[in-house]
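Per-entry structural report
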Amino acid sequence: MVDIATRVYNHTWKIDPIVRSVLDTDFYKLLMAQTIFRRHRDVEVTFGIRNRTRRVRLAEIIDPGELREQLDHVRSLRLSRGESTFLRGNTFYGKRQMFSPDFIAWLEAFRFPDYELRQVDGQYELTFHGPWIETTMWEIPCLAILNELRSRGVTKGMGKFELQILYARAMTRVWEKIERLRALPNLSVSDFGTRRRHGFLWQDWCVQAMREGLGSAFLGTSNCLIALRREVEAIGTNAHELPMVYTALTDTEADFRDARYAVLADWQQDYQGNLLVILPDTYGTSEFLAAAPDWIASWTGMRIDSKDPIEGGEEAIRWWRSRGQNPADKLIIFSDGLDIDTIETVHRHFVGRVRLGYGWGTLLTNDFRGLTADGRLDPISIVCKVVSADGRPTVKLSDNPTKAMGPEREIERYRRLFKASARQAQPVLV
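Residues numbered from 1 in each chain as written. Predicted model: local features only at pLDDT ≥ 70, side-chain atom pairs only at ≥ 80, totals over all residues. Heavy atoms only, no water.

With respect to the element layout, Pro185 can be found in the loop between helix H8 (160-181) and strand S6 (189-191). Considered as a pair, Pro185 and Val351 are 166 residues apart in the sequence and their alpha carbons are 7.9 Å apart. Leaving out residues up to four positions away in the same chain, Pro185 has contacts with His347 and Val351. (Helix = DSSP H or I, 4+ residues; strand = E, 2+ residues; numbered from the N terminus. Contact = heavy atoms within 4.5 Å.)

Here it is, written out as structure tokens:
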């Protein structure tokens, strides 16, 4: 096993580049990229980062030269022959050849496009503009780079023993959480922590710990490279990006309201089984479910993201019943800011009533809260989202107004057209 403390003490970026492969990304990115490749590859899209934790001034922690080195390194990456074979020949979600030959051929030739970087008021403005199929690939690597460079900036002055104690305490924390998870019956949990991980080596360690500590209750990891290296399942479905772009591209109010379902119609043509999981909260879960076509109720499950997990799960159960479905046959995946206390509470509330799954992210792979005296390693909430499509602004309303994104005028227009009800803003930890 890697001695993480020693590697952190000795590392240079050439030995430990933050992003090591085109596959050092989340599985849902590849699934969405294939759908984009088939239908919207020529749409021009801009992505940009947003640090919701404004008190952490990233431009004062991360050296711009180091940031450019890491971003430029990503632009030099290409899919290796072994990685291509993994995607071509492996079975994902019970299906062989999940990715079509023409998409794999595109991915083999893919190179990350250029970026724009500026510093504004102690923060970085990092944007990516170009064809949707190319810019979408930047989301996960750029977030991983920013989070790990922050971690490196904070730990740079620590000595060998201080680092050993830091990681020993963090490992103990993870293992204590795993021991609590063992007590939960019928548990299914996956690592969703690539975007905001403390570092690649640390995420890799967490996956190994989960695999050993939880056995079959650990389903796998969202990280494709770690899934390949550790021979575990690659886990993921889709994200808010798809309905945000689909909706922005519409020209009529009817198409505008129907775009969130057109996304799922395309997805259903491309995928099946446990990949048919609804993510309803882009413009409000309640509004989505009220107007949803009946065919969507036959899907495998639903992911509860920005809503209170108990409230969201109960709403899903009521909706399935209203559409003649048996909730006990349905899968609910919880994934928003999860930690052990929330997982325990949610599990005890719903176990036996639905099939349960948990996508455990930041507070698995970056929970260093309180492990430094000044809290400088506490995780932050940073995202990389699509901000425009073919020159039109994109919008996310969310069940939590704190997570709303887009120009204020457009947010208000979307609220009006979707008849979005008033929502209570909730703090966002990660």
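Let us now look at unusual backbone geometry. Notably, Gln97 is not glycine yet its phi reads approximately 55 degrees, a positive angle. As for its placement among the helices and strands, Gln97 is situated in the loop between strand S3 (95-96) and helix H5 (101-109). A relative accessible area of 59% places Gln97 in the exposed class. (Buried < 20%, exposed > 50% of the residue type's maximum accessible area, 1.4 Å probe, protein only.)

Buried residues dominate strand S13 (residues 382-389), accounting for seven of its eight residues. Examined bridge by bridge, S13 and strand S14 (residues 392-393) share two bridges and lie antiparallel to one another. Residue pairing across strands places Ser388 opposite Pro393, the latter belonging to S14. Linking two consecutive strands that pair antiparallel, namely S13 and S14, is a turn of two residues; a positive phi of about 50 degrees is found at Asp390 within it. (Pairing = 2+ DSSP bridges.)

The next point concerns helix H3 (residues 64-75). The terminal C-alpha atoms of H3, which comprises 12 residues, lie 17 Å apart, in line with the 16 Å expected from a rise of 1.5 Å per residue. Along H3, the positions that sit buried rather than exposed are Leu67, Gln70, Leu71, His73 and Val74. When H3 is viewed along its axis, its buried side chains cluster within an angular range of 155 degrees and face the same direction. Considering only its buried residues, H3 is in contact with strand S4 (116-120), strand S5 (123-131) and helix H7 (139-155). The backbone nitrogen of Gly65 lies 2.9 Å from a side-chain oxygen of the residue at the head of H3, namely Asp63. (Expected span 1.5 Å × (residues − 1). Arc of directions from axis to C-beta. Polar contact = N/O pair within 3.5 Å; in protein donor to acceptor, adjacent residues only side chain to side chain.)

Along the chain, Ala144 falls in helix H7. The class for Ala144 is buried, based on a relative accessible area of 2%. Expressed as a C-alpha distance, the spacing of Ala144 and Arg197, which sit 53 residues apart in the sequence, is 6.5 Å. Ignoring any residue separated from it by four or fewer positions in sequence, one finds Ala144 in contact with Ile18, Thr194, Arg195 and Arg197.

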